[in-house]
Amino acid sequence: MIKTDFSGCRPFVGPQTYDAALRRAHESFEILEGGTGAGHDFLGWNYLPSQIGRKELNEYLSVVEAWVALEVEVVVVIGIGGSYLGAKAAIEALNHSFSDLIGSAGGPVVVFAGQNLSEEYLAELTDLLKVRSCATVVISKSGTTTEPAVAFRVVRDLLLRKYGREGARERIVAITDARKGALKALADREGYRAFVIPDNIGGRYSVLTPVGLLPIALAGYDIDELVRGARDMQRLCAKNHDDNPAIQYAAMRNALYESGKDIELLASFHPRLRSFAEWWKQLFGESEGKQGKGIFPASVLYTTDLHSMGQYVQQGRRNLFETVIAVEKSRRELLIERDADDLDGLNYLAGQSVEHCNRMAAAGTRFAHVDGGVPNMQITIRQVDEYSLGQLFYFFEKACGISAYMLGVNPFDQPGVEDYKQNMFALLGKPGYEEQGAKLQTRLAEEE
Ligand code: PA5
């Protein structure tokens, strides 16, 4: 199971401050479990791991089988925010670092679209899809989000031209609401295979629904293990005890926030966790950043960023704290060999693994940052695999729900995201936005 170590926070948070935060975390836990807080209609993720059944997992695996039979080489996962970040986090963590060149885990290559409006990105995607056997999973809970809708129109048109209506139908899966939205209507009309995102689970808490599990299975990874990890973590985080790690983490980050540390850096020494940090940032950023409150979630990848951000972290404004995802066991071993000439002066490391150097870098960084005024939390997983990722996903979801209630905000809405959408609709001339569109067009003209 994951291990937590908050000793690097002790110089910054006294026992009384932590105990007070811990008491509030217990209260927030009660609110979460009791379903008495704001957004309580969106608590489906809380008990989800223990409810996922064999039948459900087999349905995802049957899509994998069907697409293997069709010799699909590229699967385009279309979605934005919570509708793609979890899958991307897991697939990137599990993939070979050079899977683009060396091939993936035996499944098709999974690529992502609908997470931006870049014309070049989409046009280049069509270049790829023209020359590879392809299929798509389109994911949108609302079924109306512009970015994935545009990407799906482009990808679907291509599939229709390439495989015909029947052929395209075999290569399209939709994941959306059970009843409403344009995607639901289109999937029904065209007879696409569809999976439902439960009503009571919001996008950023949906990685353990088909939203995350189907793409991860398609990439060739073991979703049973992922769910097993999440299930074990659900059990560990189920009680309102001081030793519940989700309660501890929520309490400590809020204690730090109250003492002026309002930026949390999720740090890792493992580049395969880069997209995991993106998932984490969305989870905490969208759940907590509202009503003028919230810990700003940022991420760094060490040792890479020690040579770019390291100076700021060590000596810049003292409003940061770090949460490091540490990994106990490397999946590979690579030893540094002795060299007869030793011109690079590295023979003192001969016989050591590269991972040993990475660990010493991590320990040295921790000491330096704590000494420099940056509190440090460590969350250690055994190894980067499906089981540990399942644990991490659930752990952070649970901690986020508790933490947001400690801040006094609704962890499950995102009202601020609407503002840019309304402006974009108005500027694009969407019917119903004429008045706002005229005003914004005037502002745009003034800028030019
Ligand atoms: O967490 C969330 O709810 C959001 O990030 C959504 O996942 C994102 O906006 C995409 O929405 P949809 O799945 O409705 O297209």
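Residues numbered from 1 in each chain as written. Predicted model: local features only at pLDDT ≥ 70, side-chain atom pairs only at ≥ 80, totals over all residues. Heavy atoms only, no water.

Draft legend 1. Representation of the overall build of the chain within the structure. A count of helices and strands for the chain gives 17 helices and ten strands. Over its C-alpha atoms the chain spans a radius of gyration of 23 Å, differing by no more than 12% from the 22 Å that the globule rule assigns to 448 residues. The principal-axis extent of the C-alpha atoms belonging to the chain is close to 60 × 60 × 55 Å. A total of 448 residues make up the chain; the buried ones form 52% of that total. Long-range pairs, those at least 24 residues apart, make up 81% of the contacts in the chain between residues at least 6 apart in sequence. As presented, the chain carries roughly 20,700 Å² of accessible surface, and 52% of it is formed by carbon and sulfur atoms. (Helix = DSSP H or I, 4+ residues; strand = E, 2+ residues; numbered from the N terminus. Rg over C-alpha atoms; globule rule 2.2 N^0.38 Å. Buried < 20%, exposed > 50% of the residue type's maximum accessible area, 1.4 Å probe, protein only. Contact = heavy atoms within 4.5 Å. Areas by Shrake-Rupley, 256 points an atom, 1.4 Å probe, with all protein chains shown as cover.)

Draft legend 2. Representation of the packing of aromatic side chains in the model. What the rule picks out here adds up to 20 aromatic pairs. A centroid spacing of 6.5 Å and a plane angle of 80 degrees characterise the contact between Phe152 and Tyr192, whose relative ring orientation is edge-to-face. Residue Phe152 is found in helix α7 (residues 146-170), and its partner Tyr192 is found in the loop between α8 (182-190) and β6 (193-196); the two are separated by 40 residues along the sequence. With a relative accessible area of 7%, Tyr192 lands in the buried category. On the numbers, 4.8 Å between centres and 80 degrees between planes, the contact of Trp279 with Phe393 is edge-to-face. Of the two residues, Trp279 sits in helix α12 (residues 274-288) while Phe393 sits in helix α15 (residues 386-407), which places them 114 residues apart along the sequence. (Phe/Tyr/Trp six-rings, centres within 6.5 Å; stacked < 30°, edge-to-face > 60°.)

Draft legend 3. Highlighting the packing of α12 against α15. It is at 9 Å that the axes of α12 and α15 come closest, and there the two elements cross at 20 degrees. With respect to each other, α12 and α15 are oriented roughly parallel. Between α12 and α15 lies a crossing whose hand is right-handed. Listed contacts from α15 to Phe276, Trp279, Trp280, Leu283, Phe284, Ser287 and Glu288 of α12 are Leu389, Leu392, Phe393, Phe396, Glu397, Ala399, Cys400, Ser403, Ala404 and Leu407. Here the contact of α12 with α15 is built from residues that sort into 13 nonpolar, two polar and two charged. (Axes fitted to C-alpha atoms, helices over the stretch in contact; angles between N-to-C directions. Parallel < 35°, antiparallel > 145°, perpendicular 65-115°, else oblique. Left-handed = near helix turned anticlockwise from the far one by under 90°. Nonpolar A, V, L, I, M, F, W, Y, C, P; charged D, E, K, R; others polar.)

Draft legend 4. Summary view of the site of the ligand. Every one of the 13 residues lining the ligand counts as a neighbour, but Ser83, Ser140, Ser142, Thr145 and Gln282 are closest to it. With respect to the ligand, the backbone of Lys141 contributes an N or O atom lying 2.7 Å from an oxygen atom. At 2.5 Å from an oxygen atom of the ligand is found a side-chain nitrogen or oxygen belonging to Gln282. In the complex, 89% of the free accessible area of the ligand, which totals 380 Å², lies under the protein chains. For the shell around the ligand, a count of residues per class yields one nonpolar, nine polar and three charged. (Near = heavy atom within 4 Å. Polar contact = N/O pair within 3.5 Å; in protein donor to acceptor, adjacent residues only side chain to side chain.)

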